[in-house]
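Working through the structure, step by step
The lines below spell out each chain.
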Amino acid sequence: MSRIRPHVRGSRRLAAAGVAATAATLLASALSPAAVAADRPSRAGAIENAASALLAHAASLGLTSAEGTSVRDVIVDKDGAQHVRYDRTYRQLPVLGGDFVVHLAPDGAYRGANRATRKQISLASITPSISAPKAADIAANALRAVNLGETLKKLTASPQLVVDALHGAPKLAWRTNVTAKDTLGNPVARTVITDAVSGRQIDAWDDIETATGDGKSLYSGTVPLETTVSGSTYQLKDPTRGNTYTGDAANKTDLCFLTSICVSRAPSTVFTDADNHWGTGATADRASAAVDAQYGTDVTWDFYKNTFGRNGIEGDGKGSYNRVHYGNAYNNAFWDDSCFCMTYGDGDGTTFGPLVSLDVAGHEMTHGVTSKTAALTYSGESGGLNEATSDILGTLVEWYADNPSDPGDYLIGEKVVRSGFGRAALRYMDKPSRDGASADYWSSSVGNLDVHYSSGVANHFAYLLAEGSGPKTINGVSYNSPTYNGSPVTGIGRAKLGAIWYRALTVYMTSSTNYAGARTATLNAAKDLYGAGSTEYDAVAAAWSAVNVN
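Below you will find a few notes about this structure.

**Some points on the overall build of the chain**
- Each helix and strand in the chain was counted, giving 11 helices and 28 strands.
- Relative to the 2.2 N^0.38 estimate, which gives 24 Å for 550 residues, the radius of gyration of the chain is 23 Å and therefore close to what a compact globule would have.
- Judged by the C-alpha coordinates and their principal axes, the chain covers about 70 × 55 × 55 Å.
- Split into buried and exposed, the 550 residues of the chain put 59% on the buried side.
- On the chain, roughly 20,000 Å² of surface is accessible, and the fraction owed to carbon and sulfur atoms is 50%.

Below, the structure is given as structure tokens:
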């Protein structure tokens, strides 16, 4: 359940009384900078520089005296260039699509910005015609509509008044998070955007982001684990990776309101062991699935830290946690931003086994990274890019692990599917349409697909960028990737794919980025990393054209 809930690092509001007052307000609310190294600014220094840029370029950024900003994330490049990501409010209401990234030179000079929307926000009133209870009813009916045949229990809905700048002209809207339990007791949740004047549903999306879906694991063989000594026992808790841990959900589920305020949580009782040798590699031992989950967390942590210098999901060195054995025969796994945790079902044994494979773990943790950076809206083309980001970087986690029991490949979830699923994997990156539903190429209707299927366009791009087009066998798996325009594509390798996509995600993409915007973002990233006109830059352009994003 990865929703946009920015961590405010210091709130700023543009003052109404001219430039001087604006300067005082902006600079007074900026975080006091620590001493800035001569060769590389600190985080606080970057925020201070960005505050000055907001003052000087407020008009070009579309900021008025009615709007406030808060810092969501800061990236400081090795050369000292700074990228500060902001969320925006209008008359103290959150603005959906109001996010933007300010880009600064190493000396703090303003270079430009990426904005989720360029539309001017000017509302005659922020008093809704549709009441909050009416908005809640609309959202509840929307959740029922996508769960036909289910008797939903413990349904709760809570609306929040916002300004919607994501869908056409900015307008007053209700953002309602609605949650319930299905007949098996498993959580269902949806975010519904409703016009606060007309009552028309503007958009809606699932709040549960899914990947359908020394210790002896179920899928990765015997793996190393860092644990914590507690008296005469060991805890499955890793002090070297932010105290990440894995707990037993005891086949229970959550009862939450707003998808973040929980009356009760399924437990996450940390696993313990007497001899520090965990699991048996069989599902009968509840610790076996825990080994997979903890190992997946460890590898994903190491991948982000060693590849991109990112220290944990939020980049602050703090660990998340895992819950395994969630619900009854639960055929899913999900990242939940409200608990900062991954949750894994056991599967029904016919369609899916326990959903704790390495690429699923990498996928779910990457939803957490996305929520803390670009916060790609989970609907339309941006929703497809959100899912693809988790598939792409989750796949790179699997390759990074270099585990002979689960070799790297371009198949998603191949370890967790069972015979009843009818396919060898959840998704296929070389030719996404192999799953019978995903899109190989962009079209004007691709945003109407479920986000797990519209993700195919970016997944296909990523495969082509890494490996190129045409038939080939990699790590014993056969692939044959076509192109929309019939032109061959030469790959540049997985490492460069990862570098380009991660920089695009963390520096250039915003909540409203669509496929055309993703092309621009990855080209900007390639230019930053390798230079305009480089082989890598040209390969990015060719791979996007090969999936009909021009």
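**Let's talk about the state of the cysteines**
- On inspection of all chains with the given rule, the structure shows 1 disulfide.
- Linked covalently through their sulfurs, C339 and C341 form a disulfide whose S-S length is 1.8 Å. Note on the C339 and C341 pair: the S-S dihedral is about -60°, so by sign convention the disulfide is left-handed.
- Owing to a relative accessible area of 12%, C339 belongs among the buried residues under this scheme.

**A closer look at the packing of helix α6 (residues 380-401) against helix α8 (residues 456-467)**
- Remark: α6 packs on α8, axes separated minimally by 8 Å, with the N-to-C direction vectors making an angle of 35°. Once α6 is placed against α8, the crossing between them reads as right-handed. In this structure, α6 contributes L385, A388, D391 and I392 to the contact, and α8 contributes A458, N459 and A462.
- Partitioning the contact of α6 with α8 into residue classes produces 5 nonpolar, 1 polar and 1 charged.

**With respect to the pairing of strand β7 (residues 153-164)**
- Pairing of strand β4 (residues 93-96) with β7 involves 2 bridges; the strand directions are parallel. Bridge pairing in β7 places L96 opposite D164.
- One ladder, built from 10 bridges, connects β7 with strand β8 (residues 171-181); its direction is antiparallel. In the strand pairing of β8, K153 is matched with K181.
- Remark: 6 residues form the turn of the hairpin made by β7 and β8, two consecutive strands paired antiparallel; G168 in that turn has positive phi of roughly 75°.

**Some details on the packing of aromatic side chains**
- On inspection of all chains with the given rule, the structure shows 22 aromatic pairs.
- Relative to Y321, the ring of Y245 has its centre 5.0 Å away and its plane inclined at 5°; by these criteria the two rings are stacked. Of the two residues, Y245 sits in strand β17 (residues 244-248) while Y321 sits in strand β22 (residues 321-326), which places them 76 residues apart along the sequence.
- Ring centres 5.5 Å apart and planes at 45° place the aromatic pair Y463 and Y479 in the tilted group. Here Y463, found in helix α8, pairs with Y479, found in strand β28 (residues 477-481); they are 16 residues apart in sequence, far enough to count as distant. The burial state of Y463 is the same as that of Y479; both residues are buried.
- Three or more aromatic residues link up through ring pairs in this structure, and these residues are F303, Y304, F308, Y400 and Y502.
- Cation over ring: R494 sits above W399, and NZ or CZ is 3.6 Å from the ring centre.
- In this structure, K496 is placed above the aromatic ring of Y530, and the distance from its NZ or CZ to the ring centre is 5.6 Å.

Rules of the game
- Residues numbered from 1 in each chain as written.
- Predicted model: local features only at pLDDT ≥ 70, side-chain atom pairs only at ≥ 80, totals over all residues.
- Heavy atoms only, no water.
- Helix = DSSP H or I, 4+ residues; strand = E, 2+ residues; numbered from the N terminus.
- Rg over C-alpha atoms; globule rule 2.2 N^0.38 Å.
- Buried < 20%, exposed > 50% of the residue type's maximum accessible area, 1.4 Å probe, protein only.
- Areas by Shrake-Rupley, 256 points an atom, 1.4 Å probe, with all protein chains shown as cover.
- Disulfide = S-S within 2.5 Å.
- Axes fitted to C-alpha atoms, helices over the stretch in contact; angles between N-to-C directions.
- Left-handed = near helix turned anticlockwise from the far one by under 90°.
- Contact = heavy atoms within 4.5 Å.
- Nonpolar A, V, L, I, M, F, W, Y, C, P; charged D, E, K, R; others polar.
- Pairing = 2+ DSSP bridges.
- Phe/Tyr/Trp six-rings, centres within 6.5 Å; stacked < 30°, edge-to-face > 60°.
- Lys NZ or Arg CZ within 6 Å of the ring centre and 35° of its normal.

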